[in-house]
Amino acid sequence: MTHEAPLLTVKEVSTRFRTKRGRLRAVEQVCLQIEAGETLGLVGESGSGKSVLGQTIMGLVSHGGNTTVTGQVLFEGHDMQTLTRKEQQQLWGNDIAMVFQDPMSALNPFKKIGTHITESLRAHLGLDKARARERAIELLRKVRIPEPTRRIDQYPHELSGGMRQRVVIAMALACDPKLIIADEPPPPSM
Ligand SMILES: Nc1ncnc2c1ncn2[C@@H]1O[C@H](COP(=O)(O)OP(=O)(O)OP(=O)(O)O)[C@@H](O)[C@H]1O
Ligand SMILES: [Mg+2]
């Protein structure tokens, strides 16, 4: 009997940083598995390594230099570390998306809200400008941003913190990924 690989398998993953004050073990020997359609919540005190684990799974923690990553991350059975940069970028947004904890660092202050969402829709799904805008408004509505047709043409600093967080969630939902790593959970109403 063939058994389909889980959506995500994290095998003994450790992430360590070399700092001025010595080695910092941010993530230590984490193992977890997520099946398609499953939700896994991760709880831990501030500084316990939740964000670093998310970034490590996404492949956003740079190897080498002051950072060491060991262990294995498998997405649908494929080892993420063997992917080329191009394959990795294909995966981001399309198959795996991350809701970053700090919306201001995830949003470009010089880009309108709409552009943040339409760029990924156009690049990954090949939508034309008008269709991408339509879908972006739909997504803003889905994350319950009031007056989406007005908000779409505003810049990040014109939105409240809560709205910015919702924009980051809309960006993660944009291409309907198989896995969302939510470093900031969506409000209970969503
Ligand atoms: N790039 C980095 N270089 C060095 N140390 C780092 C780096 N990123 C994170 N750290 C350290 O790794 C540890 C884990 O940080 P992390 O951001 O994962 O915590 P967290 O569990 O997400 O906390 P919070 O609940 O406050 O978001 C912290 O001690 C942090 O200072
Ligand atoms: Mg964090």
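Residues numbered from 1 in each chain as written. Chains lettered and ligands numbered in written order. Predicted model: local features only at pLDDT ≥ 70, side-chain atom pairs only at ≥ 80, totals over all residues. Heavy atoms only, no water.

Before going further, it helps to examine the overall build of the chain. A tally of regular secondary structure across the chain gives seven helices and six strands. Moving toward the C terminus, one meets the helices and strands of the chain in the order β-β-α-β-β-α-β-α-α-α-α-α-β. Over its C-alpha trace the chain gives a radius of gyration of 18 Å, about what one expects of a compact globule, namely 16 Å for 190 residues. Dimensions of the chain, computed from the C-alpha atoms along their principal axes, are close to 50 × 45 × 30 Å. Counting every position in the chain, which comprises 190 residues, the buried fraction comes to 41%. Sequence-distant contacts in the chain: of pairs separated by 6 or more residues, those separated by 24 or more amount to 62%. Accessible area of the chain: about 11,400 Å², with a carbon and sulfur share of 51%. Charged side chains in the chain number 25 positive and 21 negative. The centres of these two groups are separated by 7 Å. (Helix = DSSP H or I, 4+ residues; strand = E, 2+ residues; numbered from the N terminus. Rg over C-alpha atoms; globule rule 2.2 N^0.38 Å. Buried < 20%, exposed > 50% of the residue type's maximum accessible area, 1.4 Å probe, protein only. Contact = heavy atoms within 4.5 Å. Areas by Shrake-Rupley, 256 points an atom, 1.4 Å probe, with all protein chains shown as cover. Lys, Arg positive; Asp, Glu negative; His and termini not counted. Charge placed at Lys NZ, Arg CZ, Asp CG, Glu CD.)

Looking now at the coordination of the magnesium ion (ligand 2). When a metal holds four donors in a tetrahedron, each ideal angle between them is 109.5 degrees; when it holds six in an octahedron, the ideal angles are 90 or 180 degrees. Taken together, the protein ligands of the magnesium ion (ligand 2) are Ser-51 (OG) and Gln-101 (OE1), with distances of 2.0 to 2.2 Å. On the criterion of sequence distance, the pair formed by Ser-51 in helix 1 (residues 50–58) and Gln-101 in the loop between strand 5 (96–99) and helix 3 (103–106) is long-range, its members being 50 residues apart. Judged by its relative accessible area of 19%, Ser-51 falls in the buried class. (Donors = N, O, S within 2.8 Å, 3.2 Å for Na, K, Ca; no water.)

Right, let's get into the site of ligand 1. With respect to spatial proximity, the complete set of residues near ligand 1 consists of Phe-17, Leu-24, Ala-26, Glu-45, Ser-46, Gly-47, Ser-48, Gly-49, Lys-50, Ser-51, Val-52 and Gln-101. Here an oxygen atom of ligand 1 and a backbone polar atom of Val-52 are 2.9 Å apart. Surface burial for ligand 1 is 61%, taken as the share of its 640 Å² of free accessible area covered by protein chains. Of all the secondary structure elements, the ones that give two or more residues to the shell around ligand 1 are strand 2 (22–34) and helix 1. (Near = heavy atom within 4 Å. Polar contact = N/O pair within 3.5 Å; in protein donor to acceptor, adjacent residues only side chain to side chain.)

The next point concerns helix 7 (residues 161–173). With 13 residues, helix 7 ought to run about 18 Å at 1.5 Å a step, and its terminal C-alpha atoms sit 19 Å apart, in line with that. Of all the positions in helix 7, only Met-163, Arg-164, Gln-165, Arg-166, Val-167, Val-168, Ile-169, Ala-170 and Ala-172 are classed as buried. (Expected span 1.5 Å × (residues − 1).)

Before going further, it helps to examine the domain arrangement of the chain. Looking at the assigned domains, one finds that the chain contains domain 1 (8–91) and domain 2 (103–182). Computed from C-alpha coordinates alone, the two centres of domain 1 and domain 2 are separated by 26 Å. Counting from both sides, the interface comprises nine residues of domain 1 and, opposite them, four residues of domain 2. Carbon and sulfur atoms supply 75% of the area buried between domain 1 and domain 2, which totals about 480 Å² over both sides. For the pair domain 1 and domain 2, the interface holds one salt bridge. The salt bridge partner of Lys-178 is Glu-76, with a shortest N-O separation of 3.1 Å. Across the domain 1-domain 2 interface, the total number found is one residue pair in polar contact (both at pLDDT 80 or more). (Domains from an automatic or database assignment. Buried area = accessible area lost by both parts, 1.4 Å probe. Salt bridge = Lys/Arg side-chain N within 4 Å of Asp/Glu carboxyl O.)

To continue, consider the nonpolar core. Counting residues in hydrophobic clusters, the biggest one holds 23 residues, and the most contacted among them are Ile-117, Leu-121, Leu-139, Leu-140, Val-167, Ala-170 and Ala-174. Those elements giving two or more residues to this core turn out to be strand 5, helix 4 (113–125), helix 5 (129–142) and helix 7. Ranked by residues supplied to this core, first place goes to helix 7 with six residues. Sequence-distant contacts of Ile-117, defined by excluding residues within four places in its chain, comprise Ala-136, Leu-139, Leu-140, Ala-170, Met-171 and Ala-174. Among the nonpolar cores identified, the runner-up in size contains 21 residues, and Ala-26, Val-27, Met-80 and Leu-91 belong to it. (Core = buried A, V, L, I, M, F, W, Y, C linked by side-chain atoms within 4.5 Å.)

Considering all chains together, one arrives at nine salt bridges under this definition. Two residues, Glu-134 and Arg-131, come together in a salt bridge whose shortest N-O distance is 3.1 Å. Of the two residues, Glu-134 and Arg-131 both sit in helix 5, three residues apart, roughly one turn of that helix. Residue classification places Glu-134 among the partly exposed residues on the basis of a relative accessible area of 48%. In this structure Arg-131 comes out as partly exposed when scored by relative accessible area, which is 34%. Ionic pairing is found between Arg-150 and Glu-147, a salt bridge with its closest N-O pair at 3.0 Å. Residue classification places Arg-150 among the partly exposed positions, given a relative accessible area of 39%. A network of salt bridges, in which partner residues are shared, links Arg-16, Arg-25 and Glu-28.

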